[in-house]
Amino acid sequence: MTRLRRKALVALFLFTLFIFGTMMGLRTLKPSDGFSDLAPGMDFIGERSDRRRLDVKDVVVSPGQFHMGSSDTKVVFTKSDREYSIFYDVHMFYYLWYGSPSMDNKYIHWDHVLVPHWDPKIAASHAQGRHTPPEDIASSFYPELGPYSSRDPKVLESHMAQIEAAAAGVLVLSWYPPGVADDHGEPTEDLVPAVMDAAHRHSIKVTVCKKKKKQLENVAFHIQPYKGRTDQSMHDNIKYIIDNYGKHGAFYRFRSSTGRVLPLFYIYDSYLTPPESWAELLSTKGSHTIRGTPYDGVFVALIVDERHKHDILASGFDGMYTYFASNGFSFGSSHQNWKAIKAFCDSNNLLFIPSVGPGYVDTAVRPWNNHNTRNRVNGRYYETSLQAALSVRPEIVTITSFNQWHEGTQIEKAVPKKTVTRLYLDYQPNQPDHYLELTRQWAENFNKEKDKWLM
């Protein structure tokens, strides 16, 4: 009997030791071991032990149905013993047009003119002239960095850190061709490499595969309506962008559930070009089509009026976005219309990408436009907009904006400021990073909701 008890005790000890060893072994596994959790546009092929980034030559260039799986929407990072995520289905509009005397020998855009109303009678009742930085800038808010230059490397680093903190995986860069600028600025295309390099420098170690890879902020392009933009010039623009930046580590590509991986372009004010002209570029039978070529992509048009839905479809675009952060300003920006727009897109195999913003106030540059102001209400307007976007189950959400200070849509850090002539709005009683934190919270919520939608 004593021997049996001894054997039983030895067996029990060995069994306990086995269970303990198994549990310790499981604790050493990374959460994603055995699973793919790569971001769209960061596609890798082959075994996990020998993965490589897709180059242009690896891309399948034929257009297809664009639907991402939930495993392709986020990347999990560890940094300073802290785990967090960046979400590649959250895109953020970014502007490069700011200048200051220290870097540019003068202020650019911070001294924006007060745009007169087109009706002379209304224009006469409002202030005219231009702003005089640094105390008087063309914004209702004041940036924590002051009236900065987009050319300042320290500013770029700060911006990348803030975007990373907001969990947005894709920076959508406002873009003009070389030598071309908006009406109130100067050419900025020469800054694109610096932006892409800054995004790349903010890569940190990823926990999604055994062989550690670096992941990073991605950059997509928001092509602006420069003077003389046509379907022909757009062909040259797309070729230029892909030839010059397509192999950069930060260049964004959209990955579909069918495995196609293509660059994604947002086309601002696309309605200025007739559908039949766009079709020459974007339809498979167009006279200078890019479909099925190394310059194919996912092209997203701006929907402003309701009729634009049909024009976008006839043009050969792959989807539509709403951009404006002022609910009710246009058909496209009105939250109540998003369900119908999404249904139209779903029935026509198009992406619908709603744009949300923290508020809107552009009276520092358009003093007559107060009726389109949307107060932030300490973040409640932003959260209402985000909830409206998630309610239609989009695949991507765009944030308007990181730093469009003229229109008061920025989520970049802002601080209280009072001068002799100005009292700026601010984020109080919240901290300067309030809208970055809200963006992160909602990006995380978006990811959780998408997982439920796809179950």
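Our structure is the block above this text.
Before going into details, it helps to say that this report is about the structure given with it. (Residues numbered from 1 in each chain as written. Predicted model: local features only at pLDDT ≥ 70, side-chain atom pairs only at ≥ 80, totals over all residues. Heavy atoms only, no water.)

Focus on the overall build of the protein
In step 1: The secondary structure content of the protein amounts to 11 helices and 15 strands.
In step 2: Going through the 455 residues of the protein one by one, you find that 55% of them count as buried.
In step 3: Surface exposure of the protein reaches about 20,500 Å², of which carbon and sulfur atoms provide 54%. (Helix = DSSP H or I, 4+ residues; strand = E, 2+ residues; numbered from the N terminus. Buried < 20%, exposed > 50% of the residue type's maximum accessible area, 1.4 Å probe, protein only. Areas by Shrake-Rupley, 256 points an atom, 1.4 Å probe, with all protein chains shown as cover.)

Some words on the environment of Pro354
In step 1: Here Pro354 lies in the loop between β13 (351-353) and β14 (355-356).
In step 2: With 21 residues separating them in the primary sequence, Pro354 and Ser333 have C-alpha atoms 8.0 Å apart.
In step 3: With residues near it in sequence (within four places) discarded, Pro354 still touches Thr322, Trp338, Ala389, Pro394, Ile396, Val397 and Thr398. (Contact = heavy atoms within 4.5 Å.)

A short note on the pairing of strand β10 (residues 261-267)
In step 1: Of all 7 residues in β10, 7 are buried, a share of seventy percent or more.
In step 2: Of the pairings in the sheet, the one linking strand β8 (residues 218-223) to β10 comprises 3 bridges and is parallel in character. Looking at the pairing, His222 lines up with Tyr266 of β10.
In step 3: The pairing of strand β9 (residues 253-255) with β10 spans 3 bridges and is antiparallel. (Pairing = 2+ DSSP bridges.)

Looking at the packing of helix α4 (residues 153-165) against helix α5 (residues 192-201)
In step 1: Between α4 and α5, the least distance of the axes is 9 Å, while the angle of their chain directions is 50°. Between α4 and α5, the interaxial angle falls into the category oblique. In terms of crossing hand, the pair formed by α4 and α5 is right-handed. Of the residues in α5, those touching α4 at Leu156, Glu157 and Met160 are Ala194, Val195, Ala198, Ala199 and Arg201. (Axes fitted to C-alpha atoms, helices over the stretch in contact; angles between N-to-C directions. Parallel < 35°, antiparallel > 145°, perpendicular 65-115°, else oblique. Left-handed = near helix turned anticlockwise from the far one by under 90°.)

Here's the deal with helix α11 (residues 434-453)
Working note: α-helix, 3.6 residues per turn, so residues spaced by three or four point in the same direction.
In step 1: Helix length check: α11 (20 residues) gives 28 Å between terminal C-alpha atoms against 28 Å at 1.5 Å per residue, within 8%.
In step 2: All of the buried residues along α11 are His434, Tyr435, Leu436, Leu438, Thr439, Arg440, Trp442, Ala443, Phe446, Asn447, Lys450 and Trp453. (Expected span 1.5 Å × (residues − 1).)

A few points about the pattern of salt bridges
In step 1: Under the counting rule described, the total for this entry stands at 18 salt bridges.
In step 2: Of the charged contacts in the structure, one is a salt bridge between Glu186 and Lys106, with a shortest N-O distance of 2.5 Å. Of the two residues, Glu186 is situated in the loop between β5 (168-175) and α5 and Lys106 in the loop between α2 (101-104) and α3 (120-123); the sequence distance between them amounts to 80 residues.
In step 3: The exposure class of Glu186 is partly exposed, given its relative accessible area of 36%.
In step 4: On the accessibility criterion, Lys106 (40% relative accessible area) is partly exposed.
In step 5: Among the charged side chains, a salt-bridge network with shared partners connects Asp104, Arg151 and Asp190. (Salt bridge = Lys/Arg side-chain N within 4 Å of Asp/Glu carboxyl O.)

So, to be careful, I would describe these as geometric facts and stop short of saying anything about function.
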